[in-house]
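Summary of structural features
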Amino acid sequence: MDLGLRGRTALVGGASAGLGRASAERLAGEGCRLALWSRGGEGLERAAEEIRRTYSVEVVTIAGDAAEPETAARVAAEATRALGQVDILVLNAGGPPTSDATQTDAAEWRRSFQLLAITPIELATLLLPGMRERGWGRIVAIMSSGVRQPSPELGYSSAGRSALQAWLKTIAPEVIANGVTVNGVLPGRLDTARVASLDRARAERAGTTPEEVRTKLEASIPAGRYGAPDELGAYVAWLCSDPARYQTGTFVPIDGGMLRALP
Ligand SMILES: NC(=O)c1ccc[n+]([C@@H]2O[C@H](COP(=O)([O-])OP(=O)(O)OC[C@H]3O[C@@H](n4cnc5c(N)ncnc54)[C@H](OP(=O)(O)O)[C@@H]3O)[C@@H](O)[C@H]2O)c1
């Protein structure tokens, strides 16, 4: 199927690794020109070089910490300058720390809300007017199954992402008439560095090994395994596509059947 994305421009967050990189690769494979954003360094430049070489598309990089209040404005400006305009915005960055959800602290709440809610909301707010004027735009947020079913050690994550989800759901009906769709994906457990570090932390708390943690979790997923990042990246590309123009305000689990409740 032709996704109708050739020549579109995309700003992809958390794009040096994991789910962001997998999404960027799929968009590059569809012929998008890309701005890859993460905190920067060798990993980001390597990802850009590999994507350029594999897909023969223009790729620029932007370094910035999503947990810092001034980052969104700079990233929006740099991406617009480099690409001319931003048609597609993939909201994504690293996850917050784990904690005992009954023992959280105010400084980490501020950092986590900046990372998971304020920065993505500001970025989307800055880029939406151009999308609406041009009559075409896509916003896709990479969130977490935790917004539907919170896990005990990821309280910062579920709460911060739920704020973003509520805002995205609020704006989706406001902008669909201008050709802009707003959706999210909810990863369950996909095989990335982030999930490996969550497994290590859980193993430490339980006095077991990360391998045992993984085996147990895989047994609880109907698909019987962790997902591959591309299994989410492919769906992000679909949400960004032209044929997906009638899908908005949805938050779709990519979790091998892990969430058992009805939406
Ligand atoms: N994998 C899963 O199954 C899963 C499940 C639920 C939720 N999630 C969430 O989905 C998001 C992506 O997860 P992932 O598994 O792809 O993680 P990952 O493999 O650790 O990749 C995270 C990406 O975000 C960038 N990043 C980290 N902190 C950042 C910051 N403060 N500002 C800007 N960029 C930052 C990293 O690059 P740099 O180091 O270069 O900054 C990297 O490109 C995370 O928020 C994670 O919590 C993932």
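One structure accompanies this document, and this report is about it. On a predicted model such as this, the values are computed, not experimentally measured, just so you know.

Moving on, we come to the nonpolar core. Formed by 34 residues in total, the largest nonpolar core has its most connected members in Leu-11, Leu-89, Leu-123, Leu-127, Ile-139 and Leu-168. Counting residues per element, the ones that place at least two in this core are strand S2 (33-38), helix H3 (71-83), strand S4 (88-91), helix H4 (106-134), strand S5 (137-142), helix H5 (155-175) and strand S6 (180-187). Considering every element that reaches this core, the biggest residue donor is H4, with seven residues. Setting aside chain neighbours within four positions, we find Leu-11 in contact with Ala-35, Trp-37, Ile-62, Val-75, Ala-79, Val-86, Ile-88, Leu-89, Val-90, Leu-123 and Leu-127.

Here Glu-68 lies in the loop between strand S3 (59-63) and H3. By relative accessible area, Glu-68 is classed as partly exposed at 34%. Glu-68 sits 72 residues away from Val-140 along the chain, and the two C-alpha atoms are 21 Å apart. Residues in contact with Glu-68, not counting those within four places in the same chain, are Gln-114 and Thr-119.

Lining the immediate environment of the ligand, one finds 29 residues, of which Ser-16, Ser-38, Arg-161, Leu-190 and Thr-192 sit closest. Measuring from an oxygen atom of the ligand, one finds a side-chain N or O atom of Arg-161 at 2.7 Å. Thr-192 places a polar side-chain atom, nitrogen or oxygen, 2.5 Å from an oxygen atom of the ligand. With the chains in place, 89% of the 880 Å² that the ligand exposes on its own is no longer accessible.

Evaluated as defined, the whole model comprises two aromatic pairs. When the ring of Trp-109 is compared with that of Phe-113, the centres are 5.8 Å apart and the planes differ by 40°; the resulting orientation is tilted. Of the two residues, Trp-109 and Phe-113 are both situated in helix H4; the distance of four residues between them amounts to about one turn of the helix. Plain terms: the ring middles of Trp-109 and Tyr-156 are 4.8 Å apart, the flat faces sit at 70° to each other, and that makes the pair edge-to-face. Here the residue Trp-109 occupies a position in helix H4, and Tyr-156 occupies one in helix H5, the gap between them amounting to 47 residues. Here the aromatic cluster, defined as three or more aromatic residues joined through ring pairs, consists of Trp-109, Phe-113 and Tyr-156. Its end group placed over the ring of Trp-136, Arg-8 keeps NZ or CZ at 3.7 Å from the ring centre. Directly above the aromatic system of Trp-136 lies the positively charged group of Arg-138, at a separation of 4.2 Å from the ring centroid.

A few words now on the side chain of Ser-112. Looking at where Ser-112 falls in the secondary structure, it is placed in helix H4. Once residues lying within four places of it in the same chain are set aside, the contact partners of Ser-112 are Pro-96, Pro-97, Ala-117 and Tyr-156.

The strand order across the open sheet built from seven strands is S3-S2-S1-S4-S5-S6-S7, with neighbouring strands paired in parallel fashion. In this open sheet, the two edge strands, each paired with only one partner strand, are S3 and strand S7 (251-254). Here the strands of the sheet are splayed against their neighbours by 15° on average, with no regard to which way each runs. Across five bridges, strand S1 (residues 9-13) lies against S2 in parallel orientation. Along S2, the bridge assignment pairs Thr-9 with Arg-33. Strands S1, S2, S4, S5 and S6 of the sheet are contacted by helix H1 (residues 18-29), whose axis makes an angle of about 165° with S1.

Definitions and cut-offs
Residues numbered from 1 in each chain as written. Predicted model: local features only at pLDDT ≥ 70, side-chain atom pairs only at ≥ 80, totals over all residues. Heavy atoms only, no water. Core = buried A, V, L, I, M, F, W, Y, C linked by side-chain atoms within 4.5 Å. Buried < 20%, exposed > 50% of the residue type's maximum accessible area, 1.4 Å probe, protein only. Helix = DSSP H or I, 4+ residues; strand = E, 2+ residues; numbered from the N terminus. Contact = heavy atoms within 4.5 Å. Near = heavy atom within 4 Å. Polar contact = N/O pair within 3.5 Å; in protein donor to acceptor, adjacent residues only side chain to side chain. Areas by Shrake-Rupley, 256 points an atom, 1.4 Å probe, with all protein chains shown as cover. Phe/Tyr/Trp six-rings, centres within 6.5 Å; stacked < 30°, edge-to-face > 60°. Lys NZ or Arg CZ within 6 Å of the ring centre and 35° of its normal. Pairing = 2+ DSSP bridges. Axes fitted to C-alpha atoms, helices over the stretch in contact; angles between N-to-C directions.

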